[in-house]
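Commentary on secondary and tertiary structure
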Amino acid sequence: MQTIIKILRLTVLSALLSICSCKDKEAVEIPSEKKPNIIYIMSDDHTSQAFGIYGSRLANLNVTPTLDKIAREGVIFDNCFVNNSICTPSRASIITGQYPQTNGVLDLEGRIKPEKQFLPQEIKKLGYQTAMVGKWHLHYEPAAFDYYKVLPGQGKYFNPEFIVRGDKQPWSENKVKTKGHSSDMITDITLDWLKTKRDPNKPFFLMHHFKAPHDDFFNAPRYDNYLANTFIPEPESMYDNKNNGSVATRGKNDSLTRVIGSSVSHRNLIRNQAMNLYKDSTVYKAYGNAKDIKTSALVKWQNDKKEDVHTSEVYQEYLKRYLRCVKGVDDNVKRLIDYLKAENLLENTIIVYTGDQGFMLGEHDYIDKRWMYDESLRMPFFVRYPKKLKSGIRTDAIINNTDFAPTMIELAGGKTPDYMQGNSFKHILETGKEPEGWQQATYYRYWMHLAHRHQNPAHFGIRTKEHKLIFFYGKYWADTSNPEAKWNKKSWGNDFTKDTPVAWEFYDLKNDPKEMNNAYNNPEYKDVIANLKEQLIKLREDLNETDANYSHIQKVIDTHWND
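Residues numbered from 1 in each chain as written. Predicted model: local features only at pLDDT ≥ 70, side-chain atom pairs only at ≥ 80, totals over all residues. Heavy atoms only, no water.

1. Brief notes about the environment of V75
Counting through the fold element by element, V75 comes out in strand β2 (residues 75–81). Linking V75 and V383, residues 308 residues apart in sequence, is a C-alpha distance of 5.3 Å. Setting aside residues up to four positions removed in sequence, V75 forms contacts with F381, F382, V383, L389, K390, I393 and L429. (Helix = DSSP H or I, 4+ residues; strand = E, 2+ residues; numbered from the N terminus. Contact = heavy atoms within 4.5 Å.)

2. A closer look at the packing of aromatic side chains
For the structure shown, the criterion picks out 34 aromatic pairs. Centroid distance Y148 to W171: 6.0 Å. Interplanar angle 80°. Geometry classified as edge-to-face. Of this pair, Y148 sits in strand β4 (residues 147–151) while W171 sits in the loop between β5 (161–164) and β6 (175–177); the two residues are 23 residues apart in sequence, bridging distant segments of the chain. Residue class for Y148 comes out buried when judged on its relative accessible area of 2%. A relative accessible area of 15% places W171 in the buried class. With centroids separated by 5.8 Å and ring planes inclined at 80°, the aromatic side chains of W193 and F204 adopt a geometry described as edge-to-face. Taken together, the positions of W193 in helix α6 (residues 182–197) and F204 in strand β7 (residues 204–209) put the pair 11 residues apart, joining distant regions of the chain. By the burial criterion, W193 is buried, and F204 matches it. (Phe/Tyr/Trp six-rings, centres within 6.5 Å; stacked < 30°, edge-to-face > 60°. Buried < 20%, exposed > 50% of the residue type's maximum accessible area, 1.4 Å probe, protein only.)

3. Details of the packing of helix α2 (residues 65–72) against helix α11 (residues 305–342)
Interaxial distance between α2 and α11 falls to 7 Å at its minimum, and their mutual angle equals 55°. As far as their axial angle goes, α11 and α2 are oblique. On the side of α2, the interface is formed by P65, T66, L67 and I70, while α11 contributes K327, D330, V333, K334 and I337. Partitioned by chemical class, the residues of the contact of α2 with α11 number 5 nonpolar, 1 polar and 3 charged. (Axes fitted to C-alpha atoms, helices over the stretch in contact; angles between N-to-C directions. Parallel < 35°, antiparallel > 145°, perpendicular 65-115°, else oblique. Nonpolar A, V, L, I, M, F, W, Y, C, P; charged D, E, K, R; others polar.)

4. Considering the packing of α6 against α11
When two helices pack together, their arrangement is given by the angle between the helix axes and by the axis-to-axis distance. α11 packs onto α6 with a crossing angle of 10° between their chain directions and a minimal axis gap of 9 Å. Between α6 and α11, the angle is such that the two are roughly parallel. In this structure, α6 meets α11 at a crossing whose hand is right-handed. Facing α6, whose interface residues are S183, D184, T187, D188, T190, L191, L194 and K195, α11 presents G328, V329, N332, R335, L336, Y339 and L340. When grouped by side-chain class, the residues that make up the contact of α6 with α11 number 6 nonpolar, 5 polar and 4 charged. (Left-handed = near helix turned anticlockwise from the far one by under 90°.)

5. Side note on the sheet that holds β6
Ordered in space as β6-β5-β4-β3-β7-β1-β8-β11-β2-β12, the 10 strands form an open sheet in which the pairing is mixed. A single partner strand is all that each edge strand has here, and the edge strands are β6 and β12 (393–400). Averaged over all pairs of adjacent strands, the angle between strand axes in this sheet comes to 20°, irrespective of strand direction. Pairing analysis gives 3 bridges linking β2 to strand β11 (residues 381–384), with the strands arranged antiparallel. Residue pairing for β11: V75 is matched across the bridge by V383. (Pairing = 2+ DSSP bridges.)

6. A few points about the pairing of strand β16 (residues 503–508)
For β16, the buried fraction is high: 6 of the 6 residues fall into the buried class. Burial along β16 is two-sided: A503, E505 and Y507 facing one way and W504, F506 and D508 facing the other are all buried. Bridge analysis of strand β15 (residues 467–472) against β16 gives 6 bridges, and the strand direction is antiparallel. Note that in β16 the partner of I470 across the bridge is E505.

This is how it looks when you write it as structure tokens:
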């Protein structure tokens, strides 16, 4: 019997050798498993409140059935956060895997040169064809991609122009015109690339970036009546902000409430939603062109029944315009999914969906983003890939936008480069569990002090699963005492360029998830806050996010750290 087994082994071995040999002695290559395609879909200002899957007060409106279905078929992250809630810095961290002081993009005027467009570079090394379609917003040409067709700057909602690769200099002069709504046009371009320009012999990496639902909110005409007769649920904190905030955001005895934090109500005299919605109305003329805002701002803000009626009317219009843009995004994602399914591409394609940051939808009577409060800080994030990822996984693991690039690189079969500061969460996607030593906190920094008439004070902080600590330092990031340190920022555009009070805010997110009670001065949290400050110091050092280059800010930090 043993002799027979030996003969069989020799026969099989001989057969294998004859298969793997040829006259020129070349080895036969055994085909490896086909690499997955990756489509990274990102909408501008699409916040987690505007989904079904995140269970907010708006969930029952069912505005995102396609996206909710994709999410349920994949892995949903409940604790995905941005490190700077403003468009350009967030996109810079996504494309570089680095924090702002490392990639150099602190504000909206930051830019990423082609040689620092690391994500497409690393993906291309792995044999992928790369494409970038839609909102880019990083100023320099997205030359690291094989193909691009991007909006100039913010771009237009209707009949948008796109910049393509061409011979004209500067690169932004190579424009083509389109006719239609931007969400439809961006999807048309992506579908055209998939159908006519994609190399079927290569896996592809596609970044598909919608402009919507960035303000001002202009939906495609077919959605004009969507939600017209629906009452949109309103946040209680829009009418009563209770003990949210601090002297940094409200002023002593609420003396800054009329000028800090753009509002839904008439509270903010510099920028409120009525100004955005009704620019030709008497409301805009009365409040948008107030002759003496500084004098009016000294009068403490108080709601009354008349103001509550106005606030509700503005809110309903604000949210309906926003959600109509979101509906357009969802429907266009369905077009993309339907094409992938029809072409048998869907099952081997990783679908990633997110927003470039969160967005305030009236919470605390705030609009826009920029804040470290959760509605602005949290990013929606989910991944579908049934071939390798189990459906129905939901995780509270902490990730942030700096982690996206390392993860997609590893999903494509590569390794995270040493120069990236983010961490790959591939293991969490595959198992639903955090690996040993996984990050338990995330760092945040908003630099643009009192910018864009939104009037948000500069601040930084730390968020864990249960707590949040914010330090409002209230100064420009450039040293205005140094004549050579020009903060100049023309795009910031503001007449109220001044320092604001310094203060700490602390929130117990387990017992106060809506952040209605700043408990920084509560002695029960003394030890928790002290520990968070230690973690915050370490994070700033580890991530190259200290104020070593900004002595005027560091002086404020040193003076008030133990307040």
